[in-house]
Amino acid sequence: MEFLKDLWSYIRGRRKWWLLPLIIILLLIGLLIVLGGTSIAPFIYTLF
């Protein structure tokens with residue numbers, strides 16, 4: 001959690017709002033990778 005707090009303070013302090021979409025996309029890709037190995041995988045694959 002400390003990393004996320006530091007990242008948020010960096011984005012707010014330096015006005016780097018263009019980083020937010022990149023971070024959100026990376027988090028979604030990571031979530032898909034994690035869920036790809038579970039029993040939810042067949043439902044995820046039907047979305048694509």
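Residues numbered from 1 in each chain as written. Predicted model: local features only at pLDDT ≥ 70, side-chain atom pairs only at ≥ 80, totals over all residues. Heavy atoms only, no water.

A look at the overall build of the protein
- The helix and strand inventory of the protein stands at 3 helices and 0 strands.
- Element order for the protein, N to C, with α for helix and β for strand: α-α-α.
- Counting only C-alpha atoms, the protein reaches 40 × 20 × 10 Å along its principal axes.
- Accessible surface computed for the protein: about 4400 Å², of which carbon and sulfur atoms make up 74%. (Helix = DSSP H or I, 4+ residues; strand = E, 2+ residues; numbered from the N terminus. Areas by Shrake-Rupley, 256 points an atom, 1.4 Å probe, with all protein chains shown as cover.)

Digging into the packing of helix α1 (residues 2-14) against helix α2 (residues 19-36)
- Running from amino to carboxyl end, α1 crosses α2 at an angle of 155 degrees, the nearest separation of the two axes being 11 Å. The angle between α1 and α2 falls in the class roughly antiparallel. Contacts from Leu7, Trp8, Tyr10 and Ile11 of α1 reach α2 at Leu19, Leu20 and Ile23.
- Among the residues forming the contact of α1 with α2, the class breakdown is 7 nonpolar, no polar and no charged. (Axes fitted to C-alpha atoms, helices over the stretch in contact; angles between N-to-C directions. Parallel < 35°, antiparallel > 145°, perpendicular 65-115°, else oblique. Contact = heavy atoms within 4.5 Å. Nonpolar A, V, L, I, M, F, W, Y, C, P; charged D, E, K, R; others polar.)

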